[in-house]
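# Observations on the model geometry
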Amino acid sequence: VNTTYLHKQFRDLLDAGYTDAADQLGSGIVPTYPADKQFPAIVGIDHVLTKDARAQSLERVTITGSDHHGLIVDVAIG
């Protein structure tokens, strides 16, 4: 999901039972944008959402040629 907590549609998903992997892990907002500048990423607009599952780990990664960092999340289902 590419959004922020300021967007109502994102908050609606959270109200519907989806959870942000970074929140589950206590990571807070993970800055993922911009990734193609001379300064570090400052905005956390990329999220991995789960429902009826639990994030086990989260890693921010560089994706060559992208203006966003990627997120790799291990998820336990059940």
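Just so it is clear, the model here is predicted, and its values are computed rather than measured.

### Considering the overall build of the protein chain
Scanning the protein chain for helices and strands turns up 2 helices and 4 strands. In sequence order, the protein chain lays out its α and β elements as α-β-α-β-β-β. Here the C-alpha coordinates of the protein chain stretch approximately 40 × 25 × 20 Å along the principal axes. Taking all 78 residues of the protein chain together, 28% fall into the buried category. Relative to all contacts within the protein chain whose residues are 6 or more apart in sequence, the contacts with residues 24 or more apart total 52%. Counting every atom, the protein chain has about 5,000 Å² of accessible surface; 53% of that belongs to carbon and sulfur. Computing the positive centroid from 6 side-chain charges and the negative centroid from 10, the protein chain places the two 5 Å apart.

### Some points on the side chain of His-68
By the secondary structure assignment, His-68 is in the loop between β3 (53–61) and β4 (70–77). On the basis of relative accessible area, His-68 is assigned to the buried category, the value being 17%. Within the structure, the side chain of His-68 is placed 2.8 Å from the side chain of Asp-46, a separation counted as a polar contact. Ignoring sequence-local partners within four residues, the contact set of His-68 consists of Asn-2, Thr-32, Tyr-33, Ala-35, Ile-45, Asp-46 and Ile-63.

### Side note on the environment of Ala-76
Considering the arrangement of structural elements, one finds Ala-76 in strand β4. Each C-alpha atom, one on Ala-76 and one on His-47, is 17 Å from the other, the two residues being 29 residues apart in sequence. Leaving out residues up to four positions away in the same chain, Ala-76 has contacts with Ala-53, Arg-54 and Gln-56.

### Some points on unusual backbone geometry
In this model, Tyr-33 is joined to Pro-34 through a cis peptide bond whose omega is -10°. Even without a glycine there, the phi angle at Asp-52 is positive, about 60°. Here Asp-52 is to be found in the loop between β2 (49–50) and β3.

What counts as what
Residues numbered from 1 in each chain as written. Predicted model: local features only at pLDDT ≥ 70, side-chain atom pairs only at ≥ 80, totals over all residues. Heavy atoms only, no water. Helix = DSSP H or I, 4+ residues; strand = E, 2+ residues; numbered from the N terminus. Buried < 20%, exposed > 50% of the residue type's maximum accessible area, 1.4 Å probe, protein only. Contact = heavy atoms within 4.5 Å. Areas by Shrake-Rupley, 256 points an atom, 1.4 Å probe, with all protein chains shown as cover. Lys, Arg positive; Asp, Glu negative; His and termini not counted. Charge placed at Lys NZ, Arg CZ, Asp CG, Glu CD. Polar contact = N/O pair within 3.5 Å; in protein donor to acceptor, adjacent residues only side chain to side chain.

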